[in-house]
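If you want the building blocks of each chain, they are given just below.
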Amino acid sequence: MNPVQPIALATAGGLAIVPVAAGHAAMLAALVLRDKEHLEAYLPMVATLSTVAAATAHLERAAVRAAEGEVFEWHLFEEDSLYGSVRVKDIDHADRKAGIGYFLGSQFTGKGIVTSALRAVLAWCFDTLGLNRIELRCATGNAPSIRVAERLGFVREGLLRQDECLHGVFVDHYVYSLLKSEFERGIDD
């Protein structure tokens, strides 16, 4: 059974959150190619999806992993324009937790798009998947991701020293978490 369903998100701009599909490969490759330098700073693996072949292979793997309940990934669209992606990964059904990650084309940042999309995906994780904890990690120098995490109510739990090797340099990560009860409280506020 594949529990991934399109997430309908009403925003003034008409943002749609839909499960990734191989048919999105050309749009994904074009977005990544246009933003390759921006993405390479913190997401070098995403930056490798700049060809249709690489994007197709990634999206086909994502569909298989979603069918197996391992990883769920959505694309963010406004009309026919691909803005970015949200991914739920490291899903631990026994302990009811997972990690979340995302990317957004640089021309779409600063508009609240990723905050709105993450809020919808988090609701899906807590309601549909029955998760209790979502973790978000980001490099300590990634100020935009830090702001997104804090805006959504994630709590910084600690520092992971030299957690990732980016461009030959080890960088520290902050680890954030959001519990279902905290998310529900935020909705009620």
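Preceding this section is the structure that the text describes.
Anyway, here's the lowdown on the structure attached to this text. None of these values were measured; they are calculated from a predicted model. (Residues numbered from 1 in each chain as written. Predicted model: local features only at pLDDT ≥ 70, side-chain atom pairs only at ≥ 80, totals over all residues. Heavy atoms only, no water.)

**Brief notes about the side chain of arginine 133**
Summarising the element assignment, arginine 133 is placed in strand E6 (residues 133–139). At 3.4 Å, the side chain of arginine 133 and the side chain of serine 177 are in polar contact. Other than its neighbours up to four places away in sequence, arginine 133 contacts Arg96, Lys97, Ala98, Phe126, Glu157, Ser177, Leu178 and Leu179. (Helix = DSSP H or I, 4+ residues; strand = E, 2+ residues; numbered from the N terminus. Polar contact = N/O pair within 3.5 Å; in protein donor to acceptor, adjacent residues only side chain to side chain. Contact = heavy atoms within 4.5 Å.)

**Looking at helix H5 (residues 113–127)**
Here H5 contains 15 residues, and its C-alpha end-to-end distance of 21 Å stays within 8% of the 21 Å for a straight helix at 1.5 Å per residue. Where burial is concerned, most of H5 is hidden: eleven out of the 15 residues are buried. Among all positions in H5, only Ile113, Val114, Thr115, Ala117, Leu118, Ala120, Val121, Leu122, Trp124, Cys125 and Phe126 are buried. (Expected span 1.5 Å × (residues − 1). Buried < 20%, exposed > 50% of the residue type's maximum accessible area, 1.4 Å probe, protein only.)

**A look at the nonpolar core**
Ile100 and Phe154 are the most contacted members of the largest nonpolar core, which totals 56 residues. A per-element tally of this core places H5 first, with ten residues. Discounting chain neighbours no more than four positions away, the residues touching phenylalanine 154 are Ile100, Leu122, Ile134, Glu135, Leu136, Ala149, Tyr176, Ser177 and Leu178. (Core = buried A, V, L, I, M, F, W, Y, C linked by side-chain atoms within 4.5 Å.)

**Describing the packing of aromatic side chains**
For the structure shown, the criterion picks out five aromatic pairs. Ring geometry for phenylalanine 72 versus tryptophan 124: centroids 5.4 Å apart, planes at 75°, classification edge-to-face. Of this pair, phenylalanine 72 sits in strand E3 (residues 72–78) while tryptophan 124 is found in helix H5, placing the two residues 52 residues apart along the sequence. Looking at phenylalanine 72, the relative accessible area reads 0%, which means it is buried. (Phe/Tyr/Trp six-rings, centres within 6.5 Å; stacked < 30°, edge-to-face > 60°.)

**Here we look at unusual backbone geometry**
At arginine 96, a position not held by glycine, the phi torsion is positive, near 55°. Tracing the backbone shows arginine 96 in the loop between strand E4 (81–92) and strand E5 (97–104). Positive phi outside glycine occurs at histidine 167, with the angle close to 55°. As for its position among the elements, histidine 167 is in the loop between strand E7 (155–166) and strand E8 (169–179).

**Notes on helix H1 (residues 25–34)**
For H1, the full list of buried residues reads Ala25, Leu28, Ala29, Leu31 and Val32. One side of H1 carries all its buried residues, which in axial view fall inside an arc of 165°. Turned more than 90 degrees away from the buried face of H1 sit Leu33 and Arg34, all of them exposed. (Arc of directions from axis to C-beta.)

**What about the pairing of E6?**
The buried fraction of E6 amounts to five of the seven residues, a majority that puts the element mostly inside the structure. Of the strand pairs in this sheet, E5 and E6 are connected by three bridges, and their pairing is parallel. Residue pairing for E6: lysine 97 is matched across the bridge by arginine 133. In this view, the connection linking E5 to its parallel neighbour E6 by way of H5 has right-handed handedness. As defined by bridge partners, E6 adjoins E8 across seven bridges and the pair is classed as antiparallel. Within E8, the position partnered with isoleucine 134 by the bridge is leucine 178. (Pairing = 2+ DSSP bridges. Right-handed = clockwise from strand over helix to strand, strands pointing away.)

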